[in-house]
Each structure stands twice: as C-alpha cells, then as structure tokens.
Amino acid sequence: LGDISKTDHPTALKGEYLNKAKIADGGKKQRKNWTSTWVVLDVTQLLFYKESKQEALTNLKPGCKPEGIDLCGALIEWTTDKSSRKNVFQITTSSGNEFLLQADNYTTICKWHDAIKKTVDSLARG
Ligand code: I3S
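Residues numbered from 1 in each chain as written. Predicted model: local features only at pLDDT ≥ 70, side-chain atom pairs only at ≥ 80, totals over all residues.

**Focus on the overall build of the protein chain**
Argument step 1. Helix and strand counts for the protein chain come out as two helices and eight strands.
Argument step 2. Each helix and strand of the protein chain, placed in order from N terminus to C terminus, yields the pattern β-β-β-β-α-β-β-β-β-α.
Argument step 3. Here the protein chain has a C-alpha radius of gyration of 14 Å; the compact-globule value for 126 residues is 14 Å, and the two agree.
Argument step 4. If you line up the protein chain on its principal axes, its C-alpha atoms span 35 × 35 × 30 Å.
Argument step 5. Taking all 126 residues of the protein chain together, the buried fraction comes to 23%. (Helix = DSSP H or I, 4+ residues; strand = E, 2+ residues; numbered from the N terminus. Rg over C-alpha atoms; globule rule 2.2 N^0.38 Å. Buried ≥ 20, exposed ≤ 12 C-beta atoms within 10 Å, placed from the backbone.)

As structure tokens, then:
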C-alpha cells in the first residue's frame, strides 16, 4: 500500500488497469459491459482513461480528456450480487451513476477500494 498517504490528506493513487462496468446512468439501469480501463485517483475525482498513454496525452490534446467521476457524496461498497466476478466493489455517485470496479488480484482491488473510500470520507469532512 505504498501509494496511500499516511496523513489525513485526500489520498491519490497512480494509474493502474482495472476492469470497469457502468451499470446505471442517472439512476437508470444500463446494460453491463466490462472493459479494462486505466484508473487514476485524483484529490476529488476518479479518472477513467481508455489507455495508460492517454493520461500522458491528456494535457496536450483536447480530445484526450478522461471520464471524471465526482467522488463528493459517493457511496463505496463491496458487492457480491451485482456480478459473478470476484473482488467487485460498486461506486454510486451523488448523481446516480453506478460503476463496478474489479481486479482478479485481491490486494490490488483492496488498495483501490480503501483509497477511494478514504477520499470520499475526506471530502465529506470538508
Ligand atoms: O449482470 P449480468 O447481466 O449477468 O452481467 C453479465 C452481462 O453483462 C454479460 O453480457 P451480455 O449482456 O452480453 O450477456 C457479460 O458478458 C457478463 O460478464 C456479465 O456478468 P458478470 O457476472 O461477468 O458481471
């Protein structure tokens, strides 16, 4: 867990590939479609890039912007009934978007779950 800050400041994690599926948009259920996504945790948001190299290009090319998830007011919870896959947790944003994140490696997914939860908690405290 080397990337997780030991202080009380919002946690940020460097990019890593995770499996992602969006299952609701604005509270409306969506057909699940798992894709491998380069995920970066910022101070207030989670960023989804199609590929790792997109992160490097994002500041150079306007068309390379990632999808950003506002973590303020989001709900983070492990789930075993939304997928047959192991190691899945759900992010529900305050706007009613629902995402599943998954990795086969338990240590990897725990690191992301804990860091994202820590960010949500720090945003709630202001
Ligand atoms: O929750 P679901 O609908 O069983 O999720 C599965 C489907 O999204 C499936 O695609 P089709 O709708 O084209 O059959 C995916 O291939 C599966 O991976 C999904 O289930 P898991 O358990 O992998 O999340």
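**Some points on the site of the ligand**
Argument step 1. Inspection of the region around the ligand gives R31, K32, W34, S83, S84 and R85 as its neighbouring residues.
Argument step 2. The residue makeup of the shell around the ligand, split by class, is one nonpolar, two polar and three charged. (Near = placed C-beta within 6 Å. Nonpolar A, V, L, I, M, F, W, Y, C, P; charged D, E, K, R; others polar.)

**Quick look at the confidence of the model for the protein chain**
Argument step 1. Looking at the protein chain, the pLDDT average stands at 89 and 90% of residues meet or exceed 70.
Argument step 2. Here residues 1-10 scores under 50 on pLDDT; set against residues more than four positions off or in separate chains, the count is nine contacts.
Argument step 3. Scored as a whole, the predicted complex attains pTM 0.88, and scored at its interfaces, ipTM 0.87. (pLDDT = per-residue confidence, 0-100. Contact = placed C-beta atoms within 7 Å.)

**Focus: the nonpolar core**
Argument step 1. Membership of the largest hydrophobic core comes to 23 residues, with the highest contact counts inside it found for L41, L46, I91, F99, L101, W112 and I116.
Argument step 2. Contributions of two or more residues to this core are made by β1 (13-25), β3 (35-41), β4 (45-49), β7 (88-92), β8 (98-102) and α2 (106-125).
Argument step 3. Among the elements that take part in this core, α2 stands out by supplying four residues, more than any other.
Argument step 4. The residues contacting F99, other than those within four sequence positions of it, are K20, A21, K22, I69, Q90 and I91. (Core = buried A, V, L, I, M, F, W, Y, C linked by C-beta atoms within 7 Å.)

**Focus on unusual backbone geometry**
Most of the time, phi is negative for any residue but glycine, and the peptide bond is trans.
Argument step 1. Look at N87: it is not a glycine, yet its phi comes out positive at around 60°.
Argument step 2. Here N87 is to be found in the loop between β6 (75-78) and β7.
Argument step 3. With 21 C-beta atoms counted inside 10 Å, the residue N87 sits in the buried group.

**Re α2**
Argument step 1. In a regular helix each residue adds 1.5 Å, so 20 residues correspond to 28 Å; α2 covers 28 Å between its end C-alpha atoms and thus fits that length.
Argument step 2. Buried residues of α2: I109, W112, A115, I116 and T119, and no others. End-on view of α2: buried residues confined to an arc of 135°, all on one side of the axis. Every exposed residue of α2 that faces more than 90 degrees away from the buried side is listed here: Y106, T107, A124 and R125.
Argument step 3. Next to the buried residues of α2 lie β1, β3, β4, β6, β7 and β8. (Expected span 1.5 Å × (residues − 1). Arc of directions from axis to C-beta.)

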